[in-house]
Amino acid sequence: MFFFLPMPIMAWSNILIIHILAAIIPAVLLLRYVYKHDTIEKEPPMLIWSLVLRGVLAAMCSIVLERIGSWLLNRTVDQSSPYYVIILAFLVVAVIEEGTKLFFLYQRVWNDWNFTHLYDGIVYSVAVSLGFAAFENIRYVLSYGLQVALPRAVTAIPGHLGFSVFMGVFFGRAKLCEAQRDPSGRRFNLAMAYLSAVFLHGFYDACAMIGTTTANVLFVVFIVAMYICVYRLIKKSSFHDRPLYY
């Protein structure tokens with residue numbers, strides 16, 4: 001009968017810790033990589049962690065908004081339609097998730113006195129996005145087990161990093177335009193911060209959701225190309241970092 005006794009609480013807590021660590025370590029390592037390239041003036045750790053927490057809030061808000069969006073989509077588009085997955089990927093998932101990220105990013109740092117350099121936009125955007133990705137990854141790993149941790153560590157987590165780096169580049173440029181009293185440039189770059197992330201996120205999800213051989217090949221080509229571009233963009237942005245104000 002001893003086989004039917006519940007597992008000790010300590011064993012369950014250890015399993016939980018292992019699952020959570022497997023989910024968040026990739027996000028922490030990527031955030032550290034981006035933060036390390038902020039060579040001119042490091043951002044305060046408390047500011048970074050406040051952005052990570054806002055990424056978690058963005059993920060929570062996205063869960064609710066995506067349910068509403070999916071409900072509306074199901075009432076207007078037949079799920080058997082070849083366009084259903086594309087609309088879901090771009091206009092529900094990508095629009096909502098990148099929208100909540102940008103909202104909490106803007107709300108926290110736009111008027112913060114620490115936002116003084118162009119590369120800061122990338123650091124801030126990545127912190128929010130990887131907070132989002134870590135929370136999302138915890139949900140997946142706890143739901144489906146450790147077998148999803150490695151695939152998501154090389155696809156989903158770096159994917160969120162990639163979307164956020166493009167958002168951060170334009171976000172920093174928007175702040176630079178504000179410093180230069182260029183309102184049209186500010187609006188344009190904020191729009192590009194959002195739209196670039198939405199396009200990349202939507203394309204990523206559409207390929208993953210469609211699931212055909214062609215879509216899978218396109219998915220692999222896309223993520224490899226995006227990772228290479230993002231790696232170079234981080235290096236270039238860090239090397240050419242400059243103050244927003246003179």
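Residues numbered from 1 in each chain as written. Predicted model: local features only at pLDDT ≥ 70, side-chain atom pairs only at ≥ 80, totals over all residues. Heavy atoms only, no water.

1. Observations regarding the nonpolar core
Thought 1: In terms of nonpolar packing, the biggest core is built from 47 residues, with Val 34, Leu 105, Val 109, Val 126, Leu 130 and Phe 171 touching the most fellow members.
Thought 2: Going through the elements one at a time, helix H1 (9–36), helix H2 (45–76), helix H3 (84–109), helix H4 (120–144), helix H6 (156–179), helix H7 (183–210) and helix H8 (213–239) are the ones with two or more residues in this core.
Thought 3: Per-element accounting of this core gives the leading share, 11 residues, to H6.
Thought 4: If sequence neighbours within four positions are ignored, Leu 130 has contacts with Ala 27, Leu 30, Leu 31, Ile 157 and Leu 161. (Core = buried A, V, L, I, M, F, W, Y, C linked by side-chain atoms within 4.5 Å. Buried < 20%, exposed > 50% of the residue type's maximum accessible area, 1.4 Å probe, protein only. Helix = DSSP H or I, 4+ residues; strand = E, 2+ residues; numbered from the N terminus. Contact = heavy atoms within 4.5 Å.)

2. A short note on H7
Thought 1: The end-to-end C-alpha distance of H7 is 40 Å, a good match for the 40 Å that 28 residues give at a rise of 1.5 Å each.
Thought 2: Taken from the residues just after H7, Gly 211 is the one with a positive phi, measuring 75°. (Expected span 1.5 Å × (residues − 1).)

3. Considering the packing of H7 against H8
Thought 1: The interhelical angle for the contact between H7 and H8, taken along N-to-C directions, is 150°, at an axis separation of 8 Å. Put simply, H7 runs roughly antiparallel to H8. By crossing handedness, the relation of H7 to H8 is classed as left-handed. Residues Leu 200, Phe 203, Tyr 204, Cys 207, Ala 208 and Ile 210 of H7 form the contact with H8, whose own contacting residues are Ala 215, Asn 216, Leu 218, Phe 219, Phe 222, Ile 223 and Met 226.
Thought 2: A class-by-class count of the residues in the contact of H7 with H8 yields 12 nonpolar, one polar and no charged. (Axes fitted to C-alpha atoms, helices over the stretch in contact; angles between N-to-C directions. Parallel < 35°, antiparallel > 145°, perpendicular 65-115°, else oblique. Left-handed = near helix turned anticlockwise from the far one by under 90°. Nonpolar A, V, L, I, M, F, W, Y, C, P; charged D, E, K, R; others polar.)

4. With respect to a positive patch on the surface
Thought 1: On the surface, a cluster of positive charge is contributed by Arg 32, Lys 36, Lys 42 and Lys 235.
Thought 2: Relative to the helices and strands, Lys 42 is located in the loop between H1 and H2. (Patch = residues over 30% accessible without salt bridge, like charges linked within 9 Å, V, L, I, M, F, W, Y side chains within 5 Å. Areas by Shrake-Rupley, 256 points an atom, 1.4 Å probe, with all protein chains shown as cover. Salt bridge = Lys/Arg side-chain N within 4 Å of Asp/Glu carboxyl O. Lys, Arg positive; Asp, Glu negative; His and termini not counted. Charge placed at Lys NZ, Arg CZ, Asp CG, Glu CD.)

5. Some thoughts on unusual backbone geometry
Thought 1: Here the phi dihedral of Arg 181 falls at roughly 55°; this positive angle occurs in a residue that is not glycine.
Thought 2: Among the secondary structure elements, Arg 181 is positioned in the loop between H6 and H7.

6. Quick notes on H2
Helical periodicity: at 3.6 residues per turn, an α-helix aligns residues three or four positions apart in one direction.
Thought 1: A rise of 1.5 Å per residue sets the reference length of H2, with its 32 residues, at 46 Å; its end C-alpha atoms lie 45 Å apart and thus fit the reference within 8%.
Thought 2: Taken residue by residue, H2 has Leu 47, Ile 48, Ser 50, Leu 51, Val 52, Gly 55, Ala 58, Ala 59, Ser 62, Glu 66, Gly 69 and Leu 73 as its buried positions.

7. Some points on the environment of Val 85
Thought 1: In this fold, Val 85 is placed in helix H3.
Thought 2: Taking the C-alpha atoms as reference, Val 85 lies 6.4 Å from Ala 206; in sequence the two are 121 residues apart.
Thought 3: Beyond its immediate stretch of four places on either side in the chain, Val 85 contacts Ala 206, Met 209 and Ile 210.

8. Points about the confidence of the model for the protein chain
Thought 1: The pLDDT averaged across the protein chain works out to 93; a share of 96% of its residues lies at or above 70.
Thought 2: Ranking the helices and strands of the protein chain by mean pLDDT puts H3 first, with 98, and H1 last, with 87.
Thought 3: Overall, residues 1–5 carries pLDDT values under 50, and its contacts beyond four positions in sequence, including any with other chains, amount to zero contacts. (pLDDT = per-residue confidence, 0-100.)

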